[in-house]
Amino acid sequence: MAEEAGVFMVPQTVGSVLCCKCGVRMAPNAANMCVRCLRSEVDITEGLQKHVIILHCPECNCYLQPPRTWIKAELESKELLTFCIKRLKNLNKVRLVHAEFIWTEPHSKRIKVKLSVQKEVLHGAILEQSYVVEYVQQEQMCDSCSRIQANPDQWVAAVQLRQHVSHRRTFFYLEQLILKHDAAVHAIKIKQMDHGIDFFFGNRSHAVKFVEFVGKVAPIRSRHDKQLVSHDSKSNNYNYKYTFSVELSPVCREDLICLPPRVAVSLGNLGPLVICTKVTNSIALLDPFTLRHCFLDADQYWRSSFKPLLTSRQLIEYIVLDVEIISPEVNIGGSRYALADVQVARVSDFGKNDTIFSVKSHLGHLLSPGDYALGYDLYGANTNDIDFDSYRGLVVPEAILIKKSYEEKRQKKRGKPRSWKLKNLNMEVEESRNRVEDEKKNTEYEEFLRDLEENPEMRFNISLYRNRDYQPSEIASTVDGDFPSIPIEELLADLDLSENEDEDDMHD
Amino acid sequence: MATRLQFENNCEVGVFSKLTNGYCLVAIGGSENFYSIFEDELAGVIPVVKTSIAGTRIIGRLCAGNKNGLLLPHTTTDQELQHLRNSLPDQVVVQRIDERLSALGNCISCNDHVALTHPDLDKETEEMIADVLGVEVFRQTVAGNILVGSYCAFSNRGGLVHPHTSIEDLDELSTLLQVPLVAGTVNRGSDVIAAGMIVNDWTAFCGSDTTATELSVIESVFKLREAQPSDIVQDMRKSLIDSYL
C-alpha cells in the first residue's frame, strides 16, 4: 500500500546469515539451514517405492496394469513413462516435478526412471530431491496371446454373409467397400463360401460393428446366436461363440422385378415390372415406362421379400434401329432418363430374319440408331414367377432395354491391361473343383470391372489404384471417342514403401 | 558466556524469563532446574526473582524492562506488583501501565539507552517508557514484523535480529540503536529471536536446540567471550557502527 501511495521505498537487498548447522554463509530461507544440511536432515523420498515389479508380454510387447488391462508401449516411450509412474504408490504425498528414463540395456529386463519430487519441510521450506526407481520386468503372456498360442484359429464371433443369387457381383463390390472403409481389420480369418463369405473375429463387438457396417451399405436381414464353449462355475464366467447370420437381398442392380400386387399397390400402383437401379441400404426401383421411381428400405423389402424376375445373366444384346424421343430428359434421383419409342432387333436375329420390336425405353438420351443395347428379352423368355402369373391382363412389352453396350469398342481394347487396378481382401478360397467354375468367376470379375468403368457413381465408394504396369500406348488417343474409361484423376497411387522405388504419395 | 538450557523441556527460554543488567525474573516451574541454572550464573551479582505475571508463566513476553525500571501490563495482580517491588532493588522503578497491547515483552525491546517499540503503541505508553526506563523510544519494524519485542534481542553491546532483515534495514536499526547488529537465528533455525534467548551485557541464555554455529554468532555479536561482570560498571558504547554481514 505504501508503494501505491507514492512513498519512497528503500530498495531492499537480502542479507546473508550463517547456516545454523554448518555455519556456511547463505541467504536466509524458511528453515535457515543451507541446502546440504537440510538434505542431510530430511529425506523426502523416505517411504516411497524404489523397486517395482512389472509384468510384460513378450509376444505383443504389452505391460500389465492390474487387474486386467494390458497396455502396449515401446521402451522409453511416453506411454511407458505414464504407466511406470502410475504403478508407484504413495506418490501423492509429494509433488512430482520431473520424470525421465535412464538408459538400460534392453535385454537386462530393468527399466530405470529418475523422478524429481518436491515436498514441504520444516517451517515451510520446499525441498526438491531426485531419486531413481528401478522396475524389474518379468515375462508373462497376456490372455489374448496365450489364447492365440493355444489355438490359433480360435474365433469368438463369426459373421456369415450370404446372398442367394447365382452370381458374385455383389460380393466383389462389397469386398472393395470393406477394403475402403477398413471394416474387416479386426477379422482373424476370412473365408469364401458357397453363395457368400464368412468373417471370423476375436471379439463380439468387432463382429457387431461389422454387421452394422454391412447394414449401412446393403439391405440385410440378420439374426444372431451364441453357443456355450466353457463355463467357470467358481467365478461364473461363461465363454461363448457368437454367430451372426446376415442375408443380403437377392435383388441387384439392373435386375428386372415383377412386384407382388400388394407391394405395387403400396408403392402407389407402380407398374408391376420395374428395374432396380441402385442398391445401397435401400433399393431404388424405376418404372421404365412411366419414369416413376421409389425407394424401399431394408425393413420394407424384407417384409415382402420378392425375388427378381430376370437377372443380368439373362441380358441379351439388341441393335437399335430407330429412336424417337417422346418426353424430354428428366433427372430422376440423380440420373438422367428420357422416355423414347425405340425400334430394336435382337443381334441374334439381325440379318437372319425381320423380327423387330417396338418398345418404350427410358434410355432415349443415350441411344441413337446403330447403337448396341443390352436388355431383357421378355418375348422369348420363359419365366416361372408366381407374382408374374398372378397378374391377369398385364401388358408385357417384348423387350426392356437396360443399358447401352460398348461391346464393339471393347473388342479393340481386349487383352490390353487397364490403367487402374483394385486391391483384394485376404480371403481363404477353397480349391475349385473344375475349370468351368474358374472361368465363370473370371468372366464375372471382368464384368464387374467393366461395370466400374461405366458407372461413376459406383466408383464413388471404392478406392482405385494406379496400375504401375500400365503404359498408355500412342494409338490409344486416336481410339475411343465416347468409350467410358476412368479418368486418371480418380486413381489413387498405391503407397509403396519399398526402398528401390520412389515414394509416390500423390492423392488427388 | 552463553548457556544452553530448557524450561520444562521447552527451548523457548525467552518466554519464561527476563534478564537485565540489574535483575533477573524467572517463571515458577515444576522443578527447580531452571531457577538453579540462573542462580548458578548470577547469584552474587544480581537478584534472581521468581514470579508470575497475571497468574501466568509467560513472564518474559508480558513485561519489559532494563536496569532502570520494569513495566508491567495492566493484568498484573496487586500481589504480584507488591512482590516485585519488594524483591527488586530500590533504584528499579516498577510501574504497571494501562495499554491495550498487554504483551509488553512482544511490543517493546530495549537496552539501557534505546528502546524499539511496536508502531501502534499509545502515546502515553511511549512517554511512560521514556520516563520509567530512561530510554529513547523509536517506533520501528524488524524485517516487516511489527512485534519488535519478539524478533530482535539486544543489549548494550550488540544485537541479534530476524534472519530475513535486509541490509538497509540492518543499517538503519544499527544507527538508531548505536550497537552492532547481526541477522541470525536461534534454536536451530527459529527466527523468533527474543523468545529463544535472553541476554545482558555479560551473559546470555539460549534454548538447548541452539546449534554451535548459532551460539558462536551470539557470543561474537554480544561480545560475551571476554566480558566479565565487572564490566557493567563501565558505560560501554561503541562509537563505531559495525554490522556483521
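Rules and cut-offs
- Residues numbered from 1 in each chain as written.
- Chains lettered and ligands numbered in written order.
- Predicted model: local features only at pLDDT ≥ 70, side-chain atom pairs only at ≥ 80, totals over all residues.
- Heavy atoms only, no water.
- pLDDT = per-residue confidence, 0-100.
- Contact = heavy atoms within 4.5 Å.
- Helix = DSSP H or I, 4+ residues; strand = E, 2+ residues; numbered from the N terminus.
- Buried < 20%, exposed > 50% of the residue type's maximum accessible area, 1.4 Å probe, protein only.
- Pairing = 2+ DSSP bridges.
- Axes fitted to C-alpha atoms, helices over the stretch in contact; angles between N-to-C directions.
- Phe/Tyr/Trp six-rings, centres within 6.5 Å; stacked < 30°, edge-to-face > 60°.
- Lys NZ or Arg CZ within 6 Å of the ring centre and 35° of its normal.
- Disulfide = S-S within 2.5 Å.
- Lys, Arg positive; Asp, Glu negative; His and termini not counted.
- Salt bridge = Lys/Arg side-chain N within 4 Å of Asp/Glu carboxyl O.
- Polar contact = N/O pair within 3.5 Å; in protein donor to acceptor, adjacent residues only side chain to side chain.
- 1 Å grid on protein atoms, 1.4 Å probe; cavity = no way out; pocket = protein on both sides within 12 Å on 5 of 7 lines; lining within 4 Å.
- Points joined across faces, edges and corners; volume = space filled by probe spheres on them.
- Nonpolar A, V, L, I, M, F, W, Y, C, P; charged D, E, K, R; others polar.
- Buried area = accessible area lost by both parts, 1.4 Å probe.
- Parallel < 35°, antiparallel > 145°, perpendicular 65-115°, else oblique.
- Left-handed = near helix turned anticlockwise from the far one by under 90°.

Should the pLDDT be low somewhere, the predicted coordinates at that spot are not to be read in detail. Residues and elements named next belong to chain B. Confidence in the prediction of chain B, expressed as mean pLDDT, is 89, and 92% of residues score 70 or more. Scored below 50 in pLDDT, residues 231–241 makes 14 contacts in the model with residues more than four places away or belonging to other chains. Scored as a complex, the prediction yields pTM 0.51 and ipTM 0.75.

Attention now goes to the environment of Phe357(A). Residue and element names in this part refer to chain A. Structurally, the position occupied by Phe357 is in strand 22 (residues 357–361). According to the relative accessible area criterion, Phe357 is buried, its value standing at 3%. Those residues in contact with Phe357, other than ones at most four positions away along the chain, are Tyr318, Val342, Gln343, Val344, Arg346, Tyr379 and Glu398.

Before going further, it helps to spend a moment on the sheet that holds strand 14 (residues 197–199) of chain B. Across a sheet, strands are paired by hydrogen bonds formed along the backbone, either parallel or antiparallel in direction. Residue and element names in this part refer to chain B. Taking strand neighbours across the sheet as the criterion, the three strands line up as 1-15-14 in an open arrangement whose pairing is mixed. Each end of this open sheet is capped by a strand with a single partner; those strands are strand 1 (2–5) and strand 14. Adjacent strand axes in the sheet meet at a mean angle of 20° when their direction is disregarded. Of the pairings in the sheet, the one linking strand 14 to strand 15 (residues 204–207) comprises three bridges and is antiparallel in character. If you follow Val199 over to strand 15, its bridge partner there is Ala204. Helix-sheet contacts for helix 2 (residues 33–42) involve strand 1, strand 14 and strand 15, and the interaxial angle to strand 1 is about 165°.

Per the counting criterion, the structure on display carries 16 aromatic pairs over all chains. Relative to Tyr240(A), the ring of Tyr238(A) lies with its centre 6.4 Å away and its plane at 20°, an arrangement referred to as stacked. A relative accessible area of 41% means that Tyr238(A) is categorised as partly exposed. Taking the centre distance of 5.1 Å and the plane angle of 55° together, the rings of Phe357(A) and Tyr379(A) count as tilted. A residue pair is termed long-range when its members are at least 10 positions apart, and Phe357(A) in strand 22 and Tyr379(A) in the loop between strand 23 (372–377) and helix 8 (386–390) qualify at 22 residues. These aromatic residues form a ring-pair network of at least three members: Phe7(B), Phe16(B), Phe34(B), Phe38(B) and Phe205(B). One Lys or Arg, Lys241(A), reaches over the ring of Trp155(A) and ends 4.6 Å from the middle of that ring.

All right, on to the sheet that holds strand 16 (residues 282–287) of chain A then. Residues and elements named next belong to chain A. The strand order across the open sheet built from four strands is 14-15-16-17, with neighbouring strands paired in antiparallel fashion. Of all strands in the sheet, those with a lone pairing partner are strand 14 (256–258) and strand 17 (292–297), marking the two edges. When the angles between neighbouring strand axes are averaged without regard to direction, this sheet yields 35°. Across six bridges, strand 16 lies against strand 17 in antiparallel orientation. Across the sheet, the residue bridging to Ile283 is Leu296, located in strand 17.

On to the state of the cysteines. Residues and elements named next belong to chain A. Applying the stated criterion across every chain yields a total of zero disulfides over all chains. The closest cysteine sulfur to the non-disulfide-bonded Cys57 is located on Cys60, 3.5 Å from its own sulfur. Taking the relative accessible area as the measure of exposure, Cys57 reaches 0% and is therefore buried. Looking at the unpaired Cys276, the closest cysteine sulfur is the one in Cys252, lying at 7.5 Å.

Within helix 10 (residues 212–221) of chain B, seven of the ten residues are buried, which leaves the element mostly enclosed by the surrounding structure. Along helix 10 of chain B, the residues classified as buried are Thr213(B), Glu214(B), Leu215(B), Val217(B), Ile218(B), Glu219(B) and Val221(B). Those residues of helix 10 of chain B that are buried lie in contact with strand 1 (17–18) of chain A together with strand 1, strand 12 (159–161), strand 13 (181–183), strand 14 and strand 15 of chain B. Within two residues after helix 10 of chain B, Lys223(B) carries a phi angle of roughly 55°, on the positive side.

Moving on to the side chain of Asp201(B). Residue and element names in this part refer to chain B. Along the chain, Asp201 turns up in the loop between strand 14 and strand 15. Arg157 provides the closest opposite charge to the buried, unpaired Asp201, separated from it by 5.7 Å. Side-chain polar atoms of Asp201 contact the side chain of Asn156, separated by 2.8 Å.

Here we take up empty space enclosed by the protein. Vacant regions in the atomic arrangement are exposed by a probe of water-molecule size rolled over the atoms. Residue and element names in this part refer to chain B. Under the counting rule described, the total for this entry stands at four cavities of 30 Å³ or more. Along its surface, the largest cavity is lined by 28 residues, and Lys18, Leu19, Cys110, Phe154 and Val199 are the ones closest to its centre. Within the residue set of the lining of the largest cavity, elements represented by two or more residues are strand 2 (17–19), strand 5 (64–65), strand 8 (108–110), strand 11 (152–154) and strand 14. When grouped by side-chain class, the residues that make up the lining of the largest cavity number eleven nonpolar, twelve polar and five charged.

Many authors give the size of an interface as the accessible area that is lost as the parts come together. Counting residues at the interface gives 18 residues for chain B, matched by 22 residues for chain A. Between chain B and chain A the total buried area reaches about 1,400 Å² when both faces are included, carbon and sulfur atoms providing 51% of it. Of all residues in chain B, the largest losses of buried area upon contact with chain A belong to Glu168(B), Arg188(B) and Thr213(B), amounting jointly to 35% of the total for that side. One can count one salt bridge joining chain B with chain A.

Residue and element names in this part refer to chain A. Following both chains from N to C, one finds helix 4 (residues 169–181) and helix 10 (residues 435–454) inclined at 60°, their axes separated by 9 Å at the closest point. It follows from the interaxial angle that helix 4 and helix 10 lie oblique. Like other packed secondary-structure pairs, helix 4 and helix 10 cross with a definite hand, here right-handed. Judged by residue contacts, Arg169, Phe172, Tyr173 and Gln176 of helix 4 engage Lys441, Glu444, Tyr445, Phe448 and Asp451 from helix 10. Each residue belonging to the contact of helix 4 with helix 10 can be placed in one class, and the counts come to four nonpolar, one polar and four charged.

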